[in-house]
Number of protein chains: 2
Amino acid sequence: MEEGSSEQLQEFLAGISPSDTALAISRLKAEEQNRLVTLLGPEDAAEMLEDISEVQAADIIEELPPEQAAAILEELDSDHVVDLLGEMDEEDADAIIEQMAPEDAEEARQFLKYAPDTAGGLMISEYLDFRSSQSVKDVLDDFQNNREEYAYYDVQYLYITDEQGRLEGVLRMRDLLFPKRSTALGDLMIANPFKINVDASLEELENFFEDHDLFGVPVVDGEGRMLGVVMPEAVESAGQERSVKQFLGFSGIIGGEEFRSMPLLSRCGRRLSWLSLNIVLNIAAASVIALYTDTLAAAIALAVFLPMVSDMSGCSGNQAVAVSMRELSLGLVRPAELFWVLGKEAALGLINGLALGLILGGVAFLWKGNMFLGLVVGGALALNTLVAVSMGGLIPLVLKRLKLDPALVSSPLLTTVTDMCGFFFVLSFASLVLDKI
Amino acid sequence: MEEGSSEQLQEFLAGISPSDTALAISRLKAEEQNRLVTLLGPEDAAEMLEDISEVQAADIIEELPPEQAAAILEELDSDHVVDLLGEMDEEDADAIIEQMAPEDAEEARQFLKYAPDTAGGLMISEYLDFRSSQSVKDVLDDFQNNREEYAYYDVQYLYITDEQGRLEGVLRMRDLLFPKRSTALGDLMIANPFKINVDASLEELENFFEDHDLFGVPVVDGEGRMLGVVMPEAVESAGQERSVKQFLGFSGIIGGEEFRSMPLLSRCGRRLSWLSLNIVLNIAAASVIALYTDTLAAAIALAVFLPMVSDMSGCSGNQAVAVSMRELSLGLVRPAELFWVLGKEAALGLINGLALGLILGGVAFLWKGNMFLGLVVGGALALNTLVAVSMGGLIPLVLKRLKLDPALVSSPLLTTVTDMCGFFFVLSFASLVLDKI
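It should be emphasised that the depicted structure is a prediction, and the values quoted were computed from it without experimental measurement.

The rules behind the values
- Throughout this description, residue numbers start from 1 for each chain and increase along the sequence as written.
- Here the convention is simple: chains get letters from A, ligands get numbers from 1, in the order in which they are written.
- Restriction of local features to residues with pLDDT of at least 70 applies here, the model being predicted, together with a cutoff of 80 or more for giving and counting side-chain atom pairs; totals for whole chains, interfaces and linings are based on all residues.
- Water and hydrogen atoms were dropped before computing side-chain values, which therefore reflect all heavy atoms in the structure.
- Think of it this way: any DSSP run of H or I at least four residues long counts as a helix, any run of E at least two long counts as a strand, and we number them from the N terminus.
- As defined in this context, the radius of gyration uses C-alpha atoms, and a globule is described by 2.2 Å times the residue total to the power 0.38.
- Buried means the residue's accessible area, taken with a 1.4 Å probe over protein chains only, is under 20% of the maximum for its type, while exposed means over 50%, and partly exposed covers the values in between.
- Contact criterion: two residues are considered in contact whenever any of their non-hydrogen atoms come within 4.5 Å of each other.
- Only the protein chains shown count as covering a residue, and every accessible area follows the Shrake-Rupley method with a 1.4 Å probe.
- Here the positive residues are Lys and Arg and the negative ones are Asp and Glu; neither His nor the chain ends is included.
- Throughout, a charge is located at the NZ atom of Lys, the CZ atom of Arg, the CG atom of Asp or the CD atom of Glu.
- Any two strands are treated as partners once DSSP identifies two or more bridges connecting them.
- The atoms used to superpose the copies are C-alpha atoms, taken from residues with pLDDT of at least 70 in both, and the fit is least squares.
- Aromatic rings from Phe, Tyr and Trp, taking only the six-membered ring of Trp, are treated as a pair when their centres fall within 6.5 Å; an angle between ring planes under 30 degrees marks them as stacked, one over 60 as edge-to-face, and anything in between as tilted.
- A positively charged side chain is recorded as over a ring if its NZ (Lys) or CZ (Arg) lies within 6 Å of the ring centre. The angle to the ring normal must also be within 35 degrees.
- How sure the predictor is of each residue is captured by pLDDT, a score from 0 to 100.
- Once two parts are put together, the accessible area they lose, assessed with a 1.4 Å probe and summed over both, is termed the buried area.
- Counted as salt bridges are all cases of a side-chain nitrogen of Lys or Arg within 4 Å of a carboxyl oxygen of Asp or Glu.
- Polar contacts, as counted here, are pairs of nitrogen or oxygen atoms within 3.5 Å of one another; within protein the pair requires one atom able to donate a hydrogen and one able to accept it, and residues that are adjacent in sequence qualify only if both atoms are side-chain atoms.
- When residues are sorted by character, Ala, Val, Leu, Ile, Met, Phe, Trp, Tyr, Cys and Pro go into the nonpolar class, Asp, Glu, Lys and Arg into the charged class, and all the rest, Gly among them, into the polar class.
- Take the buried residues of types Ala, Val, Leu, Ile, Met, Phe, Trp, Tyr and Cys, join any two whose side-chain atoms come within 4.5 Å, and each joined set is a nonpolar core.

Draft legend 1. Representation of the overall build of chain A within the structure. Within chain A, the regular secondary structure consists of 20 helices and seven strands. Taken against the 2.2 N^0.38 rule, which gives 22 Å for 437 residues, the C-alpha radius of gyration of chain A at 30 Å runs more than 25% over that of a compact globule. Each of the three principal axes of chain A carries a C-alpha extent, and together these read 95 × 60 × 35 Å. The buried share among the 437 residues of chain A stands at 52%. The contacts in chain A between residues at least 6 apart in sequence include a share of 66% that link residues at least 24 apart. For chain A, the exposed surface amounts to about 19200 Å²; the carbon and sulfur share of it is 54%. Taking the average place of the 29 positive charges on the side chains of chain A and the average place of its 69 negative ones, the gap between the two points comes to 8 Å.

Shown next, in the form of structure tokens:
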């Protein structure tokens with residue numbers, strides 16, 4: 001690349017797989033990425049950017065002069081364009097939109113208004129629509145004339161709209177194979193086809209495609225005017241993205257993805273923002289121990305078991321959190337069914353609490369030969385497991401009802417409660433039999 | 001249902017959404033599910049079972065008499081059948097296969113041999129193949145004659161095979177729209193089409209569909225004979241399933257999904273199997289404290305900070321684990337690049353460790369007015385954060401190289417290391433300045 005022949009570059013990129021491209025590009029410095037994109041030209045750059053993650057692609061495009069950025073975006077599908085613009089600072093996005101062809105710019109502005117995980121945010125504007133009075137021959141002629149443009153379309157259906165753009169019907173491509181060429185589309189179309197409102201949520205779309213095995217669904221506004229098409233792939237990949245965010249959020253990576261190619265200090269800051277909440281929660285939990293330092297000093301062996309009781313209960317509680325989150329996303333439990341979940345989890349928490357309490361209590365008894373130590377430690381773990389499992393099952397439901405994201409908040413909340421209760425159970429039980437430990 | 005009119009039932013099920021169906025069915029007792037399926041008859045039962053999760057559907061089918069189970073399975077797509085049979089005990093699956101029509105039974109046995117997340121495990125056998133000497137008219141006639149059967153096919157492509165079933169070419173449906181009806185398929189087909197070996201992994205398939213925007217890819221064996229077609233939806237949903245497993249495994253739900261409709265004791269046992277590993281790891285970690293009880297007794301304030309240092313480091317380390325797992329799955333890091341990851345994470349661990357150490361050390365100092373306590377606690381957290389973040393970044397790469405599942409093992413492994421090191425740092429630093437705390 002130092003030497004800068006764009007043909008060699010194209011050849012090189014064509015020869016490696018998309019995942020290698022992503023790896024190679026992520027390791028380049030910002031100015032090198034910039035130079036690479038310039039060397040490639042808009043068309044090849046667009047193709048390359050489709051191979052890498054949206055966050056990375058948006059970062060690269062943001063650094064380009066707006067005209068160059070606009071030229072690249074015009075080579076991409078409308079839903080890609082909107083996703084990329086959505087990842088950027090508003091100012092940068094506006095500057096790029098200014099440089100786009102007027103109709104593309106208007107479309108981009110329009111599409112950017114829709115929330116990301118709705119039908120509006122997931123739809124593409126590249127679809128084929130005809131009038132019901134047109135014939136099969138008109139369609140085939142149109143195909144011949146616009147072959148090059150349509151080559152980039154995911155053409156599965158033809159949509160029939162009226163003069164106001166209102167959706168009237170739909171036709172499958174294969175419906176064109178059998179009838180006479182003079183047949184009017186209105187006679188072939190399926191009238192009143194399935195459609196989705198532009199505000200429909202990702203969950204509604206997932207349910208729709210679960211119910212209906214179709215290659216796309218038309219999106220309409222409140223007046224029934226057709227705006228675009230949502231493809232099942234877009235819904236699947238939005239669902240997958242949501243799982244990824246859930247996993248990352250659960251592990252304390254919040255505010256979107258982190259890549260190691262990002263600047264060190266911004267990575268530090270993003271991780272610290274979550275950790276600093278955690279340190280506050282941790283201090284709150286540990287303050288329970290501070291109230292009982294006398295008890296602890298009198299029975300120092302307990303210090304060995306304090307972290308174990310809180311850790312183990314945290315683990316048990318997290319299992320219940322995961323099951324609740326999974327059942328919520330599969331629709332196997334409703335957020336209001338608190339008592340049903342409590343019944344299911346309390347029974348499990350009781351059994352597993354007794355099992356774990358017996359083990360840990362047994363270990364404590366064998367270590368020091370002191371039955372009371374065993375009883376305190378085992379009893380505290382048993383009771384705290386019951387609390388943790390019950391709370392773990394309930395927390396995601398409650399958060400969902402409060403419109404908070406269970407993935408982000410469940411775990412810190414649960415851990416704080418199980419730590420506090422765990423420390424309290426061990427130390428307060430111990431203070432009851434302090435002279436015997 | 002008590003009254004048992006199957007028409008009413010069908011009407012009821014047709015009127016509610018798939019997610020409501022799933023919820024309703026999961027709350028029925030086993031014998032009620034059994035009765036429901038019998039009342040519906042094979043066709044409607046099959047449709048209903050498509051709406052609920054595979055684990056649940058397999059459980060229900062397993063309980064039926066084999067003839068009835070086979071009748072239901074024959075109404076489903078080949079990949080569904082295999083997935084469901086794969087979820088069952090081998091004995092039950094064999095008994096059901098015995099009752100299927102001979103050719104379906106042979107196909108099911110054949111397909112069951114392929115590993116689940118490979119091209120063989122994901123492909124469907126419902127595809128259309130023709131000879132290159134056949135004409136467009138032959139195809140259209142065949143379509144007319146087999147309309148009903150093909151209505152259930154996802155027909156996007158026609159495959160051209162030779163007498164030995166070896167794949168020769170592919171045709172898109174729309175390629176049939178323009179040419180004369182007498183044209184031979186051999187003249188229209190794309191020769192040497194993309195194909196995937198039956199052993200190809202899920203990752204290979206994901207890369208393929210990322211690279212190629214197709215509606216399906218033919219699957220061939222070592223001799224180039226065509227066996228089936230993998231659709232991108234199957235790959236997407238296998239990918240999503242893998243994310244779900246990852247999330248569940250990360251939270252301690254191992255060995256597949258858990259639903260609250262499962263029997264209590266089996267839920268307890270499954271969760272305990274993971275917890276009992278954790279209790280052993282926890283005992284190992286806590287034994288470090290046991291070695292230092294004298295130090296701890298002499299400076300009891302440290303007991304408040306022990307769980308905090310280990311918890312906070314665990315959190316920091318888990319962030320690095322999540323980033324590594326994500327970069328691995330996106331191909332942004334290779335399992336062998338240990339030093340690159342170590343460099344990136346050690347730098348971050350140093351900065352975040354200093355920040356967190358300052359905060360916690362400050363809290364310790366302010367609480368007791370003892371500078372040495374602050375230094376011990378802050379220093380231990382800083383150093384342990386560095387260890388945790390570095391280890392967290394490396395563990396998923398090492399596990400991947402060892403062919404172990406990072407989702408399952410990373411977190412317990414990391415927590416054990418950060419607990420042990422955290423306890424050791426706090427207590428050994430404290431023992432150096434014990435008379436001053």
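Draft legend 2. Fine view of the sheet that holds strand E3 (residues 167-172) of chain B. Residues and elements named next belong to chain B. A sheet is described by the order of its strands in space; here four strands give the open sequence E1-E2-E3-E4, paired in mixed fashion. Because the sheet does not close on itself, it has two edges, and the strands there are strand E1 (128-130) and strand E4 (190-191). In the sheet, E3 pairs with E4 via two bridges, with the strands oriented antiparallel. Paired with Gly169 across the two strands is Ala191, which belongs to E4.

Draft legend 3. Up close: the sheet that holds strand E7 (residues 226-230) of chain A. All names here are of chain A. In space, the three strands of this open sheet follow the order E5-E6-E7, with mixed pairing throughout. Looking along the sheet, the strands with just one partner apiece sit at the ends: strand E5 (196-197) and E7. With two bridges joining them, E5 and strand E6 (residues 217-220) adopt parallel strand pairing. Following the sheet pairing, Ile196 is matched in E6 by Val219.

Draft legend 4. Main features of the side chain of Thr416(B). Residues and elements named next belong to chain B. Structurally, the position occupied by Thr416 is in helix H20 (residues 406-432). The class for Thr416 is buried, based on a relative accessible area of 12%. Residues contacting Thr416, with those up to four places away along its chain left out, are Leu281 and Ala285.

Draft legend 5. Structural context of the relation of the copies chain B and chain A. Overlay of chain B on chain A (RMSD 0.1 Å): rotation 180°, translation along the axis 0.0 Å. Taken together, the rotation and translation describe the operation of a two-fold axis. A share of 99% of the interface residues of chain B reappears at the interface of chain A, consistent with the copies meeting face to face through the same patch.

Draft legend 6. Spotlight on the packing of aromatic side chains. One pass over the full model with this rule turns up 23 aromatic pairs over all chains. Ring geometry for Tyr157(B) and Phe215(B): centres 6.5 Å apart, planes at 40°, overall tilted. Separated by 58 residues along the polypeptide, Tyr157(B) in strand E2 (residues 157-161) and Phe215(B) in the loop between helix H13 (202-211) and strand E6 (217-220) bring together distant segments of the chain. Looking at Tyr157(B), the relative accessible area reads 12%, which means it is buried. Members of the aromatic cluster, connected to one another through ring pairs, are Tyr127(A), Tyr157(A), Tyr159(A), Phe215(A), Tyr127(B), Tyr157(B), Tyr159(B) and Phe215(B). The lysine or arginine in question, Arg27(A), covers the ring of Trp340(B), its NZ or CZ lying 3.5 Å from the ring centre.

Draft legend 7. Representation of the confidence of the model for chain A in the model. Per-residue pLDDT for chain A has a mean of 88; in total, 97% of the residues score no lower than 70. The weakest mean pLDDT in chain A belongs to helix H1 (residues 6-15) of chain A at 71; the strongest belongs to helix H19 (residues 371-401) of chain A at 96.

Draft legend 8. Structural detail: the interface of chain B and chain A. Chain B puts 107 residues into the contact, and the matching count from chain A is 106 residues. Counting each side, the surface lost to burial between chain B and chain A is near 9900 Å², with a carbon and sulfur contribution of 64%. The tally of links from chain B across to chain A stands at twelve salt bridges. We note a salt bridge from Glu337(A) to Arg27(B), for which the minimum N-O separation is 2.8 Å. Seen at the junction of chain B and chain A, the total is 24 residue pairs in polar contact (both at pLDDT 80 or more). Here the residues of the side of chain B that touches chain A sort into 59 nonpolar, 23 polar and 25 charged.

Draft legend 9. Main features of the nonpolar core. Residues Leu296(A), Leu302(A), Leu296(B) and Leu302(B) are the most contacted members of the largest nonpolar core, which totals 70 residues. What Leu296(B) contacts, discounting residues up to four positions off in sequence, is Ile300(A), Ala303(A), Ile289(B), Leu302(B), Ala303(B), Leu306(B) and Leu427(B).

Draft legend 10. Inspection of the environment of Ala320(A) at higher detail. Here Ala320(A) lies in helix H17 (residues 302-330). Sequence spacing of Ala320(A) and Leu399(A) is 79 residues, and the spatial spacing of their C-alpha atoms is 14 Å. Ala320(A) has contacts with Glu345(A), Val389(A), Gly392(A), Gly393(A), Arg260(B) and Arg271(B), leaving out every residue within four places of it along the chain.

Draft legend 11. Representation of unusual backbone geometry within the structure. Not every positive phi belongs to a glycine, and Asn192(A) is a case in point at roughly 45°. With respect to the helices, strands and loops of the structure, Asn192(A) is situated in the loop between strand E4 (190-191) and E5.

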